[in-house]
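Structural characterization, general
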Amino acid sequence: MRRFAICLALTALSAAPALAQAYQGNWSCRDATTNRAGILTIYGQVYGWASRVSNDPNSGTGTLTPYQDGVGFNDGNLRANAAIQAGRLVDDANFGTALQLETADAIVMLCNPR
């Protein structure tokens, strides 16, 4: 029984980094009108947003907090100017997974892996 418990604990620990990193990478984002809005890049606990619109005040970098089902935006231009609070991993029929960007009131963008 003890061996089983140790194997189970080691298996859970070895899977934890993979689960925590599912949101990392480059994401191509579309707004509510399905127009391409920009590229979101997430690595570690930082993000970068590059808007398709020149001189967009939302473009820039910031920090985030990783969660089991996505990320929380702590600061940066997306948080300050666009009021985006969270990025939640959701199922997507075409890409398998998507990152849904949310304010306190609504879903504002859907991002697919690039």
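Our next topic: the pattern of salt bridges. Here the structure, examined in full by the defined rule, presents 2 salt bridges. The shortest N-O distance in the salt bridge between R88 and D69 comes to 3.1 Å. Highlighted residues: R88 in strand β6 (residues 86-92) and D69 in the loop between β4 (60-67) and β5 (70-73), separated in sequence by 19 residues. Its relative accessible area of 32% is what places R88 among the partly exposed residues.

Bridge count for strand β1 (residues 25-31) against strand β8 (residues 107-113) is 5 bridges, and the pairing is antiparallel. Bridge assignment links W27 to a residue of β8, and that residue is P113. Bridge count between strand β7 (residues 96-102) and β8: 4 bridges; the pairing is antiparallel. Of the residues in β8, the one forming a bridge with Q100 is L110. The hairpin formed by β7 and β8 contains 4 residues between the paired strands.

Judged by side-chain charge, R30, R36, R52 and R114 come together as a positively charged surface patch. Inspection of the secondary structure assignment puts R114 in the segment after β8.

Each value, and the rule that gives it
- Residues numbered from 1 in each chain as written.
- Predicted model: local features only at pLDDT ≥ 70, side-chain atom pairs only at ≥ 80, totals over all residues.
- Heavy atoms only, no water.
- Salt bridge = Lys/Arg side-chain N within 4 Å of Asp/Glu carboxyl O.
- Helix = DSSP H or I, 4+ residues; strand = E, 2+ residues; numbered from the N terminus.
- Buried < 20%, exposed > 50% of the residue type's maximum accessible area, 1.4 Å probe, protein only.
- Pairing = 2+ DSSP bridges.
- Patch = residues over 30% accessible without salt bridge, like charges linked within 9 Å, V, L, I, M, F, W, Y side chains within 5 Å.
- Areas by Shrake-Rupley, 256 points an atom, 1.4 Å probe, with all protein chains shown as cover.
- Lys, Arg positive; Asp, Glu negative; His and termini not counted.
- Charge placed at Lys NZ, Arg CZ, Asp CG, Glu CD.

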